[in-house]
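Each chain, letter by letter, is given below.
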Amino acid sequence: EAQVTQNPRYLITVTGKKLTVTCSQNMNHEYMSWYRQDPGLGLRQIYYSMNVEVTDKGDVPEGYKVSRKEKRNFPLILESPSPNQTSLYFCASSLAGSNQPQHFGDGTRLSIL
Amino acid sequence: GNSVTQMEGPVTLSEEAFLTINCTYTATGYPSLFWYVQYPGEGLQLLLKATKADDKGSNKGFEATYRKETTSFHLEKGSVQVSDSAVYFCALSNDYKLSFGAGTTVTVRA
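Residues numbered from 1 in each chain as written. Chains lettered and ligands numbered in written order. Predicted model: local features only at pLDDT ≥ 70, side-chain atom pairs only at ≥ 80, totals over all residues. Heavy atoms only, no water.

Draft legend 1. Spatial organisation of the overall build of chain B. When helices and strands are tallied, chain B shows zero helices and 12 strands. Taken from N to C terminus, the helices and strands of chain B fall in the order β-β-β-β-β-β-β-β-β-β-β-β. In terms of overall size, chain B behaves like a compact globule, its C-alpha atoms giving a radius of gyration of 13 Å where 110 residues would be expected to give roughly 13 Å. C-alpha atoms of chain B, sized along the principal axes, occupy 45 × 30 × 20 Å. (Helix = DSSP H or I, 4+ residues; strand = E, 2+ residues; numbered from the N terminus. Rg over C-alpha atoms; globule rule 2.2 N^0.38 Å.)

Have a look at this one:
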């Protein structure tokens, strides 16, 4: 089954404790991206990657890191999480091209205390 | 930069009513436009898309037309069902950057 898999689905942690949210897709998609969803703000793009070893900032990259060492994986790293990063996070992937629709994971709910 | 503005909800309708959700955008160049739907506890799913001016996207009875002259991509459905209750997001894609509207919560009552 074609899917985007995120882990963990839920995480409660404390300020400053490094964490990684993994994202993997099995569709051989070139493009992958991370979003955060906050009430009243919709989804905002954090980082995106057009292919292996190619990443770029979205609209809200501060406090996040990403890497794309393999085509299927695109982890999101919070080196020193803070409470304002409490949010619902989505990973998505697509074929190359701005006209391609995104395939979304089921989301990761992060709470930073 | 790119931005999307969509009608704020929540919207509550009776079954078989007509649904319209307004969406306007700001972008340089020629973006692609999308409507996504999100059911509770799930990720977003593509509902329909249009990639150039005057294109009409359609799916599951929903339609939207890419209007470059009014920079709009309004979503419509002629007769909604209870199963259409969800959050709807308008989005644009331009040079690999994606921008989403704030989302519109739609509740359909039996």
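After that view of the structure, there is still more to cover.
Draft legend 2. Seen up close, the sheet that holds strand 7 (residues 65-66) of chain A. Residues and elements named next belong to chain A. Here four strands make up an open sheet; going across it, the order is 1-3-8-7 and the pairing antiparallel. Either end of the sheet is taken by a strand with one partner, and the two such strands are strand 1 (4-7) and strand 7. Pairing analysis gives two bridges linking strand 7 to strand 8 (residues 76-78), with the strands arranged antiparallel. Paired with Lys65 across the two strands is Ile77, which belongs to strand 8. (Pairing = 2+ DSSP bridges.)

Draft legend 3. Expanded view of a nonpolar patch on the surface. Residues and elements named next belong to chain A. A grouping of Ile12, Val14 and Leu113 is seen on the molecular surface, where their side chains present a nonpolar patch of about 330 Å² in accessible area. When you line up the elements, Leu113 lands in the segment after strand 11 (108-112). Its relative accessible area of 62% is what places Leu113 among the exposed residues. (Patch = residues over 30% accessible without salt bridge, like charges linked within 9 Å, V, L, I, M, F, W, Y side chains within 5 Å. Areas by Shrake-Rupley, 256 points an atom, 1.4 Å probe, with all protein chains shown as cover. Salt bridge = Lys/Arg side-chain N within 4 Å of Asp/Glu carboxyl O. Buried < 20%, exposed > 50% of the residue type's maximum accessible area, 1.4 Å probe, protein only.)

Draft legend 4. How the structure looks around the packing of aromatic side chains. For the coordinates displayed, the defined rule picks out 12 aromatic pairs over all chains. Their ring planes at 85° and their centres at 5.5 Å tell us that Phe104 of chain A and Tyr36 of chain B sit as a pair that is edge-to-face. Placement of the pair is Phe104 of chain A in strand 10 (residues 103-104) and Tyr36 of chain B in strand 5 (residues 32-38), with the two residues belonging to separate chains. One exposure class covers both Phe104 of chain A and Tyr36 of chain B, and it is buried. Ring-pair connections join several aromatic residues into one group, and the members of that group are Tyr35, Phe90 and Phe104 of chain A together with Phe34, Tyr36 and Phe100 of chain B. (Phe/Tyr/Trp six-rings, centres within 6.5 Å; stacked < 30°, edge-to-face > 60°.)

Draft legend 5. Molecular detail of the interface of chain B and chain A. Each partner contributes residues to the interface: chain B has 22 residues there, and chain A has 25 residues. Here chain B packs against chain A, burying approximately 1800 Å² in sum over the two surfaces, 54% of which is carbon and sulfur. Three residues, Tyr96, Leu98 and Phe100 of chain B, lead the burial of chain B against chain A; their summed loss comes to 36% of the area buried on that side. For the pair chain B and chain A, the interface holds zero salt bridges. Between the two partners, chain B and chain A, sit nine residue pairs in polar contact (both at pLDDT 80 or more). Mapped by element, the contributors of at least two residues to the side of chain B that touches chain A are strand 5, strand 6 (44-50), strand 10 (86-94) and strand 11 (97-100) of chain B. Here the residues of the side of chain B that touches chain A sort into nine nonpolar, nine polar and four charged. (Contact = heavy atoms within 4.5 Å. Buried area = accessible area lost by both parts, 1.4 Å probe. Polar contact = N/O pair within 3.5 Å; in protein donor to acceptor, adjacent residues only side chain to side chain. Nonpolar A, V, L, I, M, F, W, Y, C, P; charged D, E, K, R; others polar.)

Draft legend 6. Just the state of the cysteines, in detail. Here the structure, examined in full by the defined rule, presents two disulfides over all chains. The partner cysteine of Cys23 of chain A in its disulfide is Cys91 of chain A, sulfur to sulfur 1.9 Å. Judged by the sign of its S-S torsion, about -75°, the cystine formed by Cys23 of chain A and Cys91 of chain A is left-handed. Placement of the pair is Cys23 of chain A in strand 3 (residues 19-25) and Cys91 of chain A in strand 9 (residues 87-94), with a sequence separation of 68 residues. Note on accessibility: Cys23 of chain A and Cys91 of chain A belong to one class, buried. Two residues share a disulfide in this structure: Cys23 of chain B and Cys90 of chain B, whose sulfurs sit 1.9 Å from each other. With the S-S bond torsion at -70°, the cross-link from Cys23 of chain B to Cys90 of chain B turns out left-handed. Of the two residues, Cys23 of chain B is situated in strand 4 (residues 23-26) and Cys90 of chain B in strand 10; the sequence distance between them amounts to 67 residues. According to the relative accessible area criterion, Cys23 of chain B is buried, its value standing at 0%. (Disulfide = S-S within 2.5 Å.)

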